[in-house]
Amino acid sequence: MSVLSLESLCLADNDSPSSAEDLDLEDKWDTDLEVDEVKKTSKDTSTAEIYLQACKLVGVVPVSYFLRNLGTSTMNLNHHGLGPPGGKALAIALVTDMHITNLELADNYLLAEGARYLLEMLKANFTIQHLDLSNNHLQSEGAECIAKMLLDNISIKSIKLSGNGFIEDDAKSFADALANNYRVKELDLSHNQFCGRGGEHLGQMLANNEALEVLDLSWNHLRMKGAVAFCAGLKVNVTLKHLDLSWNGFGNEGALALGEALKFNNTLVYLDLNNNRITNEGVGMLCKGLEANDTLRSLMLAYNSLTVEGALALVTVVKNTPKAALEEINISNVLVNENFVQLLDLTCQEHPSLEVQYGGVGGFIAKKPPKRLDPMKVIQDYLDERKLRLWDFFRKIDKDGTMRVPVADFRKAVQQSNIPLDRYQIEELIQRLDRERTGMVDYRGLADTRKQMMRDHRWQLRKVESRQKKEKQKSERILKTFQSAVEANTPRSSMVMSPGGTKEDSSGPQHFSATPLSSWHHIVMSNSSRYSVTNLSSEHIHLPMLGGSTHQRPTSSPTMRSYSQPNLMDDSPRYPQSKPSSAQGMLSDSNPDVDHTKLSPTANHLTRSSPALNSKQPDTKTKTTKVKKKKKRVDKTPHEQNQTRSSK
């Protein structure tokens, strides 16, 4: 079945069946309609007739619910089994409908073919604002169709695409489509298959999009590098308010990146991190971001590997941060203890709006039992403090000096001394010194206690240092990946130009020297008046093109996007420093408003790399030539000067 064009969707009024034909519809093909249900107002009847004729043409049974609810703003056709033919008939009918603003078509097995018909319909219908295409098996082909629709459609504000089998590369289609879409406010991409590269593309989408307010990415596979790259886009985003990342497996790596993003993001209000394999360590990293955040109100952390320590860390950061805006914390699966309840009561006195959902009281902080000291080390420390030798301590019972004494005498001597050993430690010491159970203790083994103790101590230190080094390297690697993703995801249109910068030079696209958002975020957020990224980018969005054409493309045009977002890392040769006068004339005619005597932003850098074209350049060259001639005259010898005078 071929893709419908706009002309094929619109049915002429004279092609509509007559009222007599409507009465015989039941005899011509199967239907679940009654004749009385088709009797509506004149306009609704026209839409109904178009739908009935379309169903007849494609060979599907009309949906009576659709005809009964014509004229309403919400059309709920979920779970009706329309299929691609039913989607085509519905699309034909909706071309002329001006009532429906909310169209729900979840679980209708539309496939990419049926979605294509509906998206063709949206080229003519600008009334529908909310579209639900969840669980329709759209796959990658459907993702491409939706991406093309989002590039041109100006009416869709909310679109649900949950459970459509989208994969990694499909995320790039949505990122490209939403980079310049300022209409879509809500996007649902849950229950899909976005992983590492998908997280990178979605992070770029967040960095470039300046309209999205609600994003649902639950039940995907964002973890490790994909989670870090996504958080990098969240760091520079300035519009998102509601974010659902539940059931993704972010882990502690993603929690660290989220903590870094929350230090700079000042728009996010709701964050759902349920079931993301975050431990107490990850919560500690997340709390570092909460200390600097003053907008987040709801934080969902249920079904993670948290204990009382993590719960205490969350409440403590709220208590110690006066500007904290958290009003809801969900840790409903965590059992807390009395200390947590007391701390929560104290925190609620300072933050009355705070509500924490926990599993109940009965948890405990797991403490390791105190490590029992090595009895040989205890004896060695005792002798060192008193500056005694082993033979000095045992000479009363070892009169022969063989360093072997009976077990009973050894036990009695140790018990009668002031060595802090209990009964269990003494027995352990006897077993170590009398391994063969001969009844004689060879206390010469105590002589090597110091060496063994030093070796054990060095081994423990190396073990701790190795573990700390690995953790530090891991954190540094995550932060380095995060920073690289931030630099890659920083939107070209939100670059901050140097103060006093003017419009672009007319010599074509330049290699801008600009400052990314990540370096000026603190300054911007501290001011009462906030920079408008849209206004900032619109000043420099229309760059002149060679050829004298005065036609300016819209922002959504791919050609204009290539000019408005120059590649900062491009190694291609720049424009030559000087141009013929004819080229200057073309450039001045193409954009008369541009001042050619001024440089584009960060003029100092551009002056060294690409000097501006102006009318004073020929004069400068002439003046330089004269100076060189003067130098030649000075270099003449007196004899040559006399010959010159005589010739005159």
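What you are looking at is a predicted structure, and each value in this text was computed from that prediction instead of being measured. For every chain, the first residue of its written sequence is number 1, and the numbers climb from 1 along that sequence. Only residues with pLDDT of 70 or above have their local features reported here, since the model is predicted, and side-chain atom pairs are shown and tallied only from 80 upward, although totals for entire chains, interfaces and linings are computed over all residues. Side-chain measures here rest on the full set of heavy atoms in the structure, leaving out hydrogens and waters.

Draft legend 1. Main features of the overall build of the protein chain. Here a helix means four or more residues in a row that DSSP labels H or I, a strand means two or more in a row labelled E, and each is numbered from the N terminus. Broken down by element type, the protein chain carries 27 helices and 13 strands. The buried share among the 648 residues of the protein chain stands at 45%. Between two residues, a contact is recorded if the distance between any of their heavy atoms is within 4.5 Å. Considering only residue pairs separated by 6 or more positions, the protein chain has 82% of its internal contacts joining residues 24 or more positions apart. Surface accessibility follows the Shrake-Rupley procedure with a 1.4 Å probe radius. Residue values consider only the protein chains on display as shielding. Just so you have it, the protein chain exposes about 34,700 Å², and 50% of that area is on carbon and sulfur atoms. Partly exposed residues are those whose accessible area sits between 20% and 50% of the maximum for their type, while under 20% is buried and over 50% is exposed, using a 1.4 Å probe and protein chains only.

Draft legend 2. Structural context of the side chain of Asn 330. Along the chain, Asn 330 turns up in strand 10 (residues 328-336). Here Ser 332 takes part through its backbone nitrogen, which lies 3.0 Å from a polar atom of the side chain of Asn 330. Once residues within four sequence positions are removed from consideration, Asn 330 is found in contact with Leu 299, Met 300, Leu 301, Ala 302 and Gln 357. As used in this structure description, the phrase polar contact means that two N or O atoms lie within 3.5 Å; if the pair is within protein, one of them must be able to donate a hydrogen and the other to accept it, and residues adjacent in sequence are counted only when both atoms belong to side chains.

Draft legend 3. Expanded view of a positive patch on the surface. Nonpolar side chains (Val, Leu, Ile, Met, Phe, Trp, Tyr) are joined into patches within 5 Å and like charges within 9 Å, using only residues with over 30% relative accessible area and no salt bridge. A side-chain nitrogen of Lys or Arg and a carboxyl oxygen of Asp or Glu constitute a salt bridge if their distance falls within 4 Å. Neither His nor the chain termini are counted; the positive set is Lys and Arg, and the negative set is Asp and Glu. Working definition for charges: the position is that of NZ of Lys, CZ of Arg, CG of Asp or CD of Glu. On the surface, a cluster of positive charge is made up of Lys 157, Arg 183, Lys 185 and Lys 241. Secondary-structure assignment places Lys 241 in the loop between helix 11 (225-236) and strand 7 (242-244).

Draft legend 4. Helix 16 (residues 375-385), seen in detail. Residues Pro 375, Met 376, Val 378, Ile 379, Gln 380, Tyr 382 and Leu 383 constitute the buried set of helix 16. One or two residues past the end of helix 16 sits Lys 387, with phi positive at roughly 55°.

Draft legend 5. The arrangement of the pairing of strand 10 in detail. Here the rule is simple: two strands pair whenever DSSP picks up at least two bridges between them. Across three bridges, strand 9 (residues 298-300) lies against strand 10 in parallel orientation. Within the sheet, the bridge partner assigned to Leu 299 lies in strand 10 and is Ile 329. As defined by bridge partners, strand 10 adjoins strand 11 (residues 355-361) across six bridges and the pair is classed as parallel. Across the sheet, Val 336 pairs through a bridge with Val 361, a residue of strand 11. At this point the chain moves from strand 10, through helix 15 (residues 338-350), to the parallel strand 11, and the crossover so formed is right-handed. Call a crossover right-handed when, viewed with both strands pointing away from you, the route from the first strand across the helix to the second goes clockwise.

Draft legend 6. Just the pattern of salt bridges, in detail. In total, this model carries six salt bridges according to the counting rule given. Here Glu 120 ties to Lys 123 by a salt bridge, and the two come within 3.3 Å at their closest N and O atoms. Accessibility expressed as a relative area gives 15% for Glu 120, which makes it buried. The shortest N-O distance in the salt bridge between Arg 411 and Glu 427 comes to 3.0 Å.

Draft legend 7. Structural view of the confidence of the model for the protein chain. For the protein chain, per-residue confidence averages 74 on the pLDDT scale, and residues scoring 70 or more make up 66% of the total. Per-residue confidence from the predictor is given as pLDDT, running between 0 and 100. Of all the helices and strands in the protein chain, helix 21 (residues 517-526) carries the lowest mean pLDDT, 32, while strand 8 (residues 270-272) carries the highest, 98. In this model, residues 9-43 is a region of pLDDT below 50 whose contacts with residues beyond four sequence positions or in other chains number 51 contacts. Contacts from residues 492-635, a stretch scored under 50 in pLDDT, to residues over four places away or in other chains number 139 contacts.

Draft legend 8. Representation of the sheet that holds strand 4 (residues 158-160) within the structure. On the basis of which strands lie adjacent, the open sheet formed by eleven strands has the order 1-2-3-4-5-6-7-8-9-10-11 and parallel pairing. Across the chains shown, the open sheet's two edge strands, defined by having one partner strand only, are strand 1 (74-76) and strand 11. Strand after strand, the sheet turns through a mean of 5° between neighbouring axes, direction not considered. A fitted line through C-alpha atoms represents every axis, and for helices the fit uses only the stretch in contact; the resulting angles, taken between N-to-C directions, go from 0 to 180 degrees.

Draft legend 9. Representation of the packing of aromatic side chains. Each pair of aromatic rings taken from Phe, Tyr and Trp, with Trp reduced to its six-membered ring, is defined by centres within 6.5 Å and is described as stacked if the planes are under 30 degrees apart, edge-to-face if over 60, and tilted in the remaining cases. Per the stated rule, a full pass over the model turns up four aromatic pairs. With centroids separated by 4.7 Å and ring planes inclined at 55°, the aromatic side chains of Tyr 51 and Phe 66 adopt a geometry described as tilted. Of this pair, Tyr 51 sits in helix 4 (residues 42-58) while Phe 66 sits in helix 5 (residues 64-68), and the two are 15 residues apart along the sequence. A residue is classified by how much of its surface remains accessible, and Tyr 51, at 3% relative accessible area, is buried. Directly above the ring of Phe 264 sits Lys 235, whose terminal nitrogen or CZ lies 4.1 Å from the centroid. Two thresholds decide whether a charge sits over a ring: the Lys NZ or Arg CZ must be within 6 Å of the ring centre and within 35 degrees of the ring normal.

Draft legend 10. Region of interest: the environment of Asn 293. You can see Asn 293 is positioned in the loop between helix 13 (280-290) and strand 9. Of note is the side chain of Asn 293, whose polar atom sits 3.1 Å from the backbone oxygen of Leu 262. Polar side-chain contacts of Asn 293 include one of 3.0 Å to the backbone nitrogen of Thr 295.

Draft legend 11. Structural detail: the packing of helix 8 (residues 139-152) against helix 9 (residues 168-178). Packing of helix 8 against helix 9 brings their axes to within 8 Å, and their N-to-C directions diverge by 5°. For the element pair helix 8 / helix 9, the angle class is roughly parallel. Seen from helix 8, the contacting residues are Gln 139, Ser 140, Ala 143, Glu 144, Ile 146, Ala 147, Leu 150 and Leu 151; seen from helix 9, they are Asp 170, Ser 173, Phe 174, Asp 176, Ala 177 and Leu 178. Each residue gets one label: Ala, Val, Leu, Ile, Met, Phe, Trp, Tyr, Cys and Pro are nonpolar, Asp, Glu, Lys and Arg are charged, and the others, such as Gly, are polar. Taken together, the residues of the contact of helix 8 with helix 9 sort by class into eight nonpolar, three polar and three charged. Under this scheme an angle from 65 to 115 degrees is roughly perpendicular, one under 35 degrees roughly parallel, and one over 145 degrees roughly antiparallel; angles in between are oblique.

Draft legend 12. Just the nonpolar core, in detail. By nonpolar core is meant a set of buried Ala, Val, Leu, Ile, Met, Phe, Trp, Tyr and Cys residues that side-chain atoms within 4.5 Å join together. Counting 116 residues, the largest nonpolar core has Phe 66, Ile 146, Leu 161, Leu 215, Leu 299 and Ile 331 as the members making the most contacts within it. With eight residues, helix 11 is the single largest residue contributor to this core. Apart from the residues lying within four places of it in its own chain, the contact partners of Leu 299 are Leu 271, Leu 273, Leu 286, Leu 290, Leu 314, Leu 326, Glu 328, Ile 329 and Asn 330. Core analysis: the second largest hydrophobic core is formed by 19 residues, Ile 379, Tyr 382, Phe 394 and Phe 410 among them.

Draft legend 13. Geometry of the environment of Phe 66. The exposure class of Phe 66 is buried, given its relative accessible area of 1%. Setting aside its immediate chain neighbours within four residues, Phe 66 contacts Tyr 51, Met 75, Leu 77, Leu 90, Ala 93, Leu 94 and Ile 100.

Draft legend 14. Structural detail: the packing of helix 12 (residues 251-262) against helix 13. For the pair helix 12 and helix 13, the least separation of the axes is 7 Å and the interaxial angle reads 10°. Looking at the two axes, helix 12 sits roughly parallel to helix 13. Contacts between helix 12 and helix 13 involve Asn 252, Ala 255, Leu 256, Leu 258, Gly 259 and Leu 262 from the first element and Glu 281, Gly 282, Met 285, Leu 286, Gly 289 and Leu 290 from the second. Counted by class, the contact of helix 12 with helix 13 contains seven nonpolar, four polar and one charged residues.

Draft legend 15. Representation of unusual backbone geometry in the model. Residues other than glycine seldom take positive phi values, yet Leu 111 does so here, at roughly 60°. By the element assignment, Leu 111 lies in helix 7 (residues 111-121). You will see that Gln 139, though not glycine, has its phi angle at about 60°, which is positive. Turning to its location among the elements, Gln 139 is positioned in helix 8. Of the residues examined, Gln 139 reaches a relative accessible area of 38% and is grouped as partly exposed.

Draft legend 16. Structural view of the environment of Lys 319. Among the secondary structure elements, Lys 319 is positioned in helix 14 (residues 308-319). Sequence-wise, Lys 319 and His 351 are 32 residues apart; in three dimensions their C-alpha atoms are separated by 7.8 Å. When sequence neighbours within four positions are dropped, the list of residues in contact with Lys 319 reads Leu 343, Leu 346, Thr 347 and Glu 350.

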